[in-house]
Amino acid sequence: MYRSAGIVLALLLLAPVTAGAATAAFQTTDPAGRPLDSVVLSLIPVARGALPAPRPARISQAGKAFSPIVSVVQTGTPIEFPNNDTVRHHVYSFSPAKVFELKLYAGKPEKPVLFDKPGVVVLGCNIHDHMVAYVVVVDTPWSVVSGLDGSARIADLPSGDYLLQVWHPRRLGLPDLPVRTIRVNGELSEKVVVELKP
Ligand SMILES: [Cu+2]
């Protein structure tokens with residue numbers, strides 16, 4: 001009696017989490033099969049429905065470097081740029097997807113910057129030429145950046161058809177990789193090979 005009540009309760013608790021939500025696991029490598037980090041993987045739903053609202057993001061500066069160096073955000077995401085260094089930074093972008101500058105500042109700038117157009121945004125600092133970061137802005141909340149071991153996963157993925165878009169900082173200036181269609185109706189595991197500039 002107690003046991004069956006427990007099982008019913010467990011099923012009730014599980015149902016809302018698993019209903020139509022899968023996880024996509026990716027393994028990214030270079031053509032030689034070596035794990036590749038910093039690969040941006042985006043699953044863009046083919047059927048355009050209402051998407052969840054973008055969640056705020058953050059790119060901080062510490063040790064005269066951006067962190068993270070590679071980000072992917074949904075179109076419409078506000079990004080904060082807190083400066084954790086004692087020196088001041090002057091963050092800017094000339095990329096068509098987002099032209100902006102945060103003039104010489106310490107601490108946290110007053111307002112986040114709204115990334116409102118899809119595309120690749122290259123960030124720099126006027127004071128420290130070696131500082132660089134990349135923000136990939138995509139029309140989907142389902143995206144991820146691969147880790148040092150080349151693995152990445154996207155959770156809570158509703159069933160349906162998606163376009164898999166792939167990007168890497170060392171592909172700047174190269175033609176976009178072909179977009180692949182992926183059907184999600186359960187757990188998914190994909191290998192992704194990325195050719196880089198020599
Ligand atoms: Cu700087």
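Now for a look at the structure at hand. Within each chain, residue numbers correspond to sequence positions counted from 1 in written order. Local features in a predicted model are, by the rule used here, given only for residues with pLDDT of at least 70; side-chain atom pairs are given and counted only at 80 or more, and totals for whole chains, interfaces and linings are based on all residues.

## Notes on the overall build of the protein
No. 1: For helices the rule is a DSSP run of H or I covering at least 4 residues; for strands it is a run of E covering at least 2, with both sets numbered from the N terminus onward. The helix and strand tally for the protein stands at one helix and 17 strands.
No. 2: Buried residues in the protein amount to 26% of all 198 residues.
No. 3: Across the protein, contacts joining residues at least 24 apart in sequence account for 65% of those joining residues at least 6 apart. Counting other C-beta atoms within 10 Å of its own, a residue is labelled buried from 20 upward, exposed at 12 or fewer, and partly exposed in the gap between, with every C-beta atom placed from the backbone. With C-beta atoms placed from the backbone, a contact is any residue pair whose C-beta atoms sit within 7 Å.

## Regarding the sheet that holds strand β10 (residues 113–115)
No. 1: Strand pairing is assigned whenever DSSP detects at least two bridges linking the two strands. With mixed pairing, the three strands of this open sheet are ordered in space as β3-β7-β10. Either end of the sheet is taken by a strand with one partner, and the two such strands are β3 (57–58) and β10.
No. 2: Across three bridges, the pairing between strand β7 (residues 77–80) and β10 is antiparallel. Its bridge partner lying in β10, Thr-77 is registered against Phe-115.

## Quick notes on the sheet that holds strand β8 (residues 89–93)
No. 1: An order of β6-β12-β11-β8-β9 is seen for the five strands of this open sheet, with the pairing classed as mixed. Single-partner strands in this sheet number two, and they are β6 (70–74) and β9 (100–105). Each adjacent strand pair in this sheet contributes to an overall mean axis angle of 20 degrees, direction not counted.
No. 2: Looking at chain direction, β8 and β9 are connected through four bridges and run antiparallel. Bridging across to β9, Val-91 finds its partner in Leu-102. Angular values range over 0 to 180 degrees, each being the angle between N-to-C directions of two axes fitted as lines to C-alpha atoms, with helices fitted over their stretch in contact.

## Notes on the nonpolar core
No. 1: Counting 36 residues, the largest nonpolar core has Val-39, Val-40, Phe-115, Val-135, Val-136 and Val-137 as its most contacted members.
No. 2: Among the elements of the structure, β1 (21–29), β2 (40–45), β6, β10, β11 (119–125), β12 (132–138), β14 (151–158) and β15 (160–167) are those that each provide at least two residues to this core.
No. 3: Both domains that furnish three or more residues to this core are identified here as domain 1 (22–50 + 140–198) and domain 2 (52–134). Only buried residues count toward a nonpolar core: Ala, Val, Leu, Ile, Met, Phe, Trp, Tyr and Cys, linked into one set through C-beta atoms within 7 Å. How far each domain reaches was decided by an automatic or database domain assignment.

## Comments concerning the environment of Tyr-105
No. 1: Considering the arrangement of structural elements, one finds Tyr-105 in strand β9.
No. 2: Linking Tyr-105 and His-89, residues 16 residues apart in sequence, is a C-alpha distance of 5.7 Å.
No. 3: Beyond its immediate sequence surroundings of up to four residues, Tyr-105 is in contact with Asn-83, Arg-88 and His-89.

## Looking at unusual backbone geometry
No. 1: Here the residue pair Ser-67 and Pro-68 is connected by a cis peptide bond, since its omega of -5 degrees sits within 30 degrees of zero.
No. 2: Residue position: Pro-68 is located in the loop between β5 (65–67) and β6.
No. 3: The phi torsion at Ser-38 lies on the positive side, around 65 degrees, for a residue other than glycine.
No. 4: Inspection of the secondary structure puts Ser-38 in the loop between β1 and β2.
No. 5: Positioned with a positive phi, Lys-64 is a non-glycine residue whose angle comes to about 55 degrees.
No. 6: By secondary structure assignment, the location of Lys-64 is in the loop between β4 (60–62) and β5.

## Side note on the pairing of β7
No. 1: Here β7 shows a clear split, with Thr-77 and Ile-79 buried on one side and none of Pro-78 and Glu-80 buried on the other.
No. 2: Here two bridges tie β3 to β7, and the two strands are oriented parallel to one another. The partner of Ala-57 across the bridge, within β7, is Ile-79.

## A few points about the environment of Met-131
No. 1: Looking at where Met-131 falls in the secondary structure, it is placed in the loop between β11 and β12.
No. 2: Taking C-alpha positions, Met-131 is 5.5 Å from Ala-65, a pair spaced 66 residues apart along the chain.
No. 3: With residues up to four places along the chain from it excluded, the contact list for Met-131 reads Lys-64, Ala-65, Phe-66, Gly-124 and Cys-125.

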